[in-house]
Amino acid sequence: MIVKTAEFICSNTQISKLPPPVKAEYAFIGRSNVGKSSLINMLTAKKGLAKTSQTPGKTQLINHFFINDSWYIVDLPGYGYARASKTNKANWNKFIHNYLDKRESLQCVMVLIDSRLEPQKIDLEFCNWLGEKGLSFVLVFTKADKQSSVKTDQNIAKFKKSLTETFEEFPQYFVTSSELQSGRDEILGFIDNINKS
Ligand code: GTP
Ligand code: MG
């Protein structure tokens, strides 16, 4: 798929104010600082479209970007930000779970996982929650440029082992680097296939 246009539409804290759920939508989610906003900029080839930061917790709202005048990419606030207060974490859970659970136009949740790390409890718990809700999701292993492909493969294998303790099948996954622009065609192709079906 060629991304011809990518346009910021709105930022929201209220589900009631989101764009009408009539266009296919793909939500990007994962731990704070995992590289969600960077990945969105890489996919759309627009550097400043989604705000990125070295400080975790940059994205605080549900951000809608309209692609090729036909479907949405949604940038979500990260989970697991260690310095967030208990109230903030509880609010995040309620707000994001509510969005993911209720959004009729949501086609697939793109769960970003830092490829440098051993399986993290919070990521596994989040995948399990998506499974319990019957929401369709894929995994996107980010920042693959930061270590050797051998190390990335090892971490993916460990994640696979942990996740298949609860899932019969390991979900489809992508390996990406926003720095090297890798994994772009694969993710856009995946989305294109769903949009066409
Ligand atoms: P929050 O909105 O705070 O949850 O973070 P986020 O998941 O949107 O992460 P963001 O895209 O802002 O990136 C966090 C940091 O990681 C930034 O300093 C990025 O430059 C860096 N980063 C993101 N993706 C990559 C990547 O593929 N490779 C490398 N080397 N750095 C990356
Ligand atoms: Mg962000």
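Whatever comes next refers back to the structure up there.
Now for a description of the structure that goes with this document. Within every chain, residues take consecutive numbers counted from 1 along the sequence as written. Written order determines the labels here, with chains lettered from A and ligands numbered from 1. Predicted model: local features are reported for residues with pLDDT of at least 70 only, side-chain atom pairs are reported and counted for 80 or more only, and whole-chain, interface and lining totals are derived from all residues. Only hydrogens and water are removed before side-chain values are computed, so all heavy atoms of the structure are retained for them.

Brief notes about the site of ligand 1
Where we set the bar: Here a residue is considered near a molecule or strand provided that any single heavy atom belonging to it is located within 4 Å of it. Polar contacts, as counted here, are pairs of nitrogen or oxygen atoms within 3.5 Å of one another; within protein the pair requires one atom able to donate a hydrogen and one able to accept it, and residues that are adjacent in sequence qualify only if both atoms are side-chain atoms. Areas reported as accessible are Shrake-Rupley estimates using a 1.4 Å probe. Residue values count occlusion only from the protein chains shown. Residues are grouped as follows: Ala, Val, Leu, Ile, Met, Phe, Trp, Tyr, Cys and Pro are nonpolar; Asp, Glu, Lys and Arg are charged; every other residue, Gly included, is polar.
Taken together, 22 residues surround ligand 1, and among them Lys36, Ser38, Gly57, Thr59 and Asp145 come closest. Between ligand 1 and Ser53 there is a distance of 3.0 Å, counted from an oxygen atom to a backbone nitrogen or oxygen. When isolated, ligand 1 has an accessible area of 660 Å², and the protein chains bury 88% of it. For the shell around ligand 1, the class distribution of residues is 2 nonpolar, 14 polar and 6 charged.

Notes on unusual backbone geometry
What counts here: Under the scheme used here, helices are H or I runs from DSSP no shorter than 4 residues and strands are E runs no shorter than 2 residues, and both carry numbers assigned from the N terminus. Any residue under 20% of the maximum accessible area for its type is buried, any over 50% is exposed, and the rest in between are partly exposed; the area is computed with a 1.4 Å probe on protein chains only.
One non-glycine residue with positive phi stands out, namely Asn33, at about 80°. Looking at the secondary structure, you find Asn33 in the loop between strand S2 (25-30) and helix H1 (36-44). Residue Asn33 is classed as partly exposed on the basis of its relative accessible area of 30%. In this structure, Gln181 takes a positive phi of about 60° despite not being glycine. Among the structural elements, Gln181 can be located in the loop between strand S7 (173-175) and helix H5 (184-196). By relative accessible area, Gln181 is classed as partly exposed at 48%.

Some remarks on the pairing of strand S4 (residues 71-75)
Side-chain positions along a regular strand alternate between the two faces of the sheet. Inclusion rule: Two strands are said to pair when DSSP picks up at least two bridges between them.
Judged by how many residues are buried, S4 sits mostly within the fold: 5 of 5 residues are covered. Here S4 shows no split at all, with Trp71, Ile73 and Asp75 on one side and Tyr72 and Val74 on the other all buried. Of the strand pairs in this sheet, S2 and S4 are connected by 4 bridges, and their pairing is parallel. When the bridges of S4 are listed, Glu25 appears paired with Tyr72. Pairing of strand S3 (residues 62-67) with S4 involves 5 bridges; the strand directions are antiparallel. Looking at S4, one finds that Asn63 is bridged to Asp75. As consecutive antiparallel partners, S3 and S4 are separated by 3 residues, and within that stretch Asn68 has a phi angle of approximately 50°, a positive value.

Description of the side chain of Asp75
Keep this limit in mind: All tallies of charge rest on Lys and Arg as positive and Asp and Glu as negative; His and the ends of each chain are not included. Salt bridges are counted wherever a side-chain nitrogen of Lys or Arg sits within 4 Å of a carboxyl oxygen of Asp or Glu. Residue contacts are defined here by distance: any two heavy atoms, one from each residue, within 4.5 Å place the two residues in contact.
Tracing the backbone through its elements, the reader meets Asp75 in strand S4. Despite its burial, Asp75 pairs with no opposite charge, the nearest such side chain being Lys36 at 6.0 Å. In contact with Asp75, other than residues within four places in its own chain, are Phe28, Lys36, Ser37, Ile40, Ala50, Thr59, Leu61, Ile62, Asn63 and Phe65.

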